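# Coordinate inspection notes
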Number of protein chains: 2
Amino acid sequence: MESRRPTASPTPSAPVGASLRIGDVARLVGTTPRTIRYYEEIGLLAEAPARPSGQHRIYTHSEVERLREVMRLRDLLGVSLEELKTLLAAEEARAEVREQLRREDVDPRRRRELLAEALGHVERQLELVRHRADELAKLEDELSETRKRVRRKIREADASAAGEFPPALERTGEPQQ
Amino acid sequence: MESRRPTASPTPSAPVGASLRIGDVARLVGTTPRTIRYYEEIGLLAEAPARPSGQHRIYTHSEVERLREVMRLRDLLGVSLEELKTLLAAEEARAEVREQLRREDVDPRRRRELLAEALGHVERQLELVRHRADELAKLEDELSETRKRVRRKIREADASAAGEFPPALERTGEPQQ
DNA sequence: AGCTAAATTGACGTGAACGTAAGGATCACA
DNA sequence: TGTGATCCTTACGTTCACGTCAATTTAGCT
């Protein structure tokens, strides 16, 4: 009914768990193949490397994670995909830095440059996130306040009602979790 | 250059500060007349009452506040204007409740109903806001962590550089705010 | 080799949230 | 009473972020 796939290990020597196709990835992260292709199209996701155009795209788990992060930021930051792309330059820079760190043969000045650049990106992103987080926190407080007031009024209404006639079917004093 | 408007008080008996036109409102809240008309069109904003269609829209400061709130929620909640409309039913309900409170001749059971309804709306909104606030807080923490790590690496890089040759033009130990 | 599910590119379609242009009416002031 | 700025409605245009359809190919099984 729904089989016919490299069930577990096609060749046990392959990098464990590789061989995800676009449909699998879409299901994993909760989106559609079209969206993934679109993100690749506009440069939000790197195109699968060394794929003889026309062949199926193959994804690794780290690419799935990247996509997850992209979607998370998309949902939380409320910026356009274009802005998001520039924001994500941070991650790319940091990835490059990590790359450079592994091979230790890098010019220290160049390395510092990369690090400083990465720091700038992270800070811009942080600023944006902080601002939104603050605003949301304010809103949350206001709503809590409102809720408190409404609840109090309900209690008052119930109390005065109980004074006029004894509590019948309407139970007084709700769950109060 | 930019005069020709009821500068301060057309008739000192009028409700203070009324007589805002759509362009004024737009400037005040930082949007365009088109957007305001659009919001009225889709029912996000009530249409100016008793306006002989074809006449200019007139706004009061409370309507400006309402618009501010709408835009704030639009920016913060990340929901469609349609969803936002239903969310704002809360405010309308609460407004109705306040209305009913002023005239005290309301059936207490009806009043309780209204209050309960308002509470429900506020709680749904609060839930939504809390969830987003939490997610954003997580993201903020992660970014702070990242920044810390990057900064440490920069310090390390600077230190090792200082060890190899004495600090020249590059100043060590940045502002550190 | 053959079958079928899923993938490929290309193109056009769509809903949301406005922008923009046209032609005319209104408003505050002189 | 005129005049220029602003506003009115109507309607078509636009951008973003995908959806959908079609005609082919590819991949995994048997």
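Analysis parameters
- Residues numbered from 1 in each chain as written.
- Chains lettered and ligands numbered in written order.
- Predicted model: local features only at pLDDT ≥ 70, side-chain atom pairs only at ≥ 80, totals over all residues.
- Heavy atoms only, no water.
- Salt bridge = Lys/Arg side-chain N within 4 Å of Asp/Glu carboxyl O.
- Helix = DSSP H or I, 4+ residues; strand = E, 2+ residues; numbered from the N terminus.
- Buried < 20%, exposed > 50% of the residue type's maximum accessible area, 1.4 Å probe, protein only.
- Least-squares fit on C-alpha atoms with pLDDT ≥ 70 in both.
- Contact = heavy atoms within 4.5 Å.
- Axes fitted to C-alpha atoms, helices over the stretch in contact; angles between N-to-C directions.
- Parallel < 35°, antiparallel > 145°, perpendicular 65-115°, else oblique.
- Left-handed = near helix turned anticlockwise from the far one by under 90°.
- Buried area = accessible area lost by both parts, 1.4 Å probe.
- Polar contact = N/O pair within 3.5 Å; in protein donor to acceptor, adjacent residues only side chain to side chain.
- Nonpolar A, V, L, I, M, F, W, Y, C, P; charged D, E, K, R; others polar.

## Topic: the pattern of salt bridges
Scanning all chains against the criterion turns up 32 salt bridges over all chains. Among the salt bridges present, the one from B:Arg130 reaches A:Glu140, with a minimum N-O distance of 3.2 Å. In this pair, B:Arg130 is assigned in helix H6 (residues 108-164) and A:Glu140 in helix H6 (residues 108-164), connecting two distinct chains. Residue A:Glu140 is classed as buried on the basis of its relative accessible area of 18%. Between B:Asp24 and B:Arg27 there is a salt bridge, with its nearest N and O atoms 3.3 Å apart.

## Considerations on the relation of the copies chain B and chain A
Of the two same-sequence chains, chain B is brought onto chain A (RMSD 0.1 Å, axial shift 0.0 Å) by a rotation of 180 degrees. On the angle and the small slide along the axis, the relation comes out as a two-fold axis. Here 100% of the contact residues of chain B are again contact residues in chain A; the copies associate through an equivalent surface.

## Observations regarding helix H1 (residues 22-29) of chain B
All names here are of chain B. By the burial criterion, the buried members of H1 are Ile22, Asp24, Val25, Ala26 and Val29. At its buried positions, H1 is contacted by helix H2 (33-41) and helix H3 (61-77). Of the residues trailing H1, Gly30 is marked for its positive phi of about 80 degrees.

## Looking at the environment of B:Gly23
Inspection of the secondary structure puts B:Gly23 in helix H1. Taking the C-alpha atoms as reference points, B:Gly23 and B:Ile36, separated by 13 residues in sequence, lie 9.5 Å from one another.

## Digging into the packing of helix H1 (residues 22-29) of chain A against helix H3 (residues 61-77) of chain A
Between two packed helices, what matters for the description is the angle formed by their axes and the separation of those axes. Residue and element names in this part refer to chain A. It is at 10 Å that the axes of H1 and H3 come closest, and there the two elements cross at 45 degrees. Overall, the two elements H1 and H3 adopt an arrangement that is oblique. Considering how the two elements wind past one another, H1 and H3 form a crossing that is right-handed. Each of Val25, Leu28 and Val29 in H1 lies in contact with H3, whose residues at this interface are Val64, Leu67, Arg68 and Met71.

## Concerning the interface of chain B and chain A
The interface is formed by 39 residues belonging to chain B together with 39 residues belonging to chain A. Sorting the residues of chain B by area buried against chain A places B:Leu76, B:Arg112 and B:Leu136 first, and these three jointly supply 15% of that buried surface. Viewed at the interface, chain A and chain B are joined by eight salt bridges. Where chain B packs against chain A, one counts 10 residue pairs in polar contact (both at pLDDT 80 or more). Mapped by element, the contributors of at least two residues to the side of chain B that touches chain A are H3, helix H5 (89-102) and H6 of chain B. The element that contributes the greatest number of residues to the side of chain B that touches chain A is H6(B), accounting for 30 residues. For the side of chain B that touches chain A, the residue count by class is 17 nonpolar, three polar and 19 charged.

The quantities given are spatial measurements derived from coordinates; they are silent on function.
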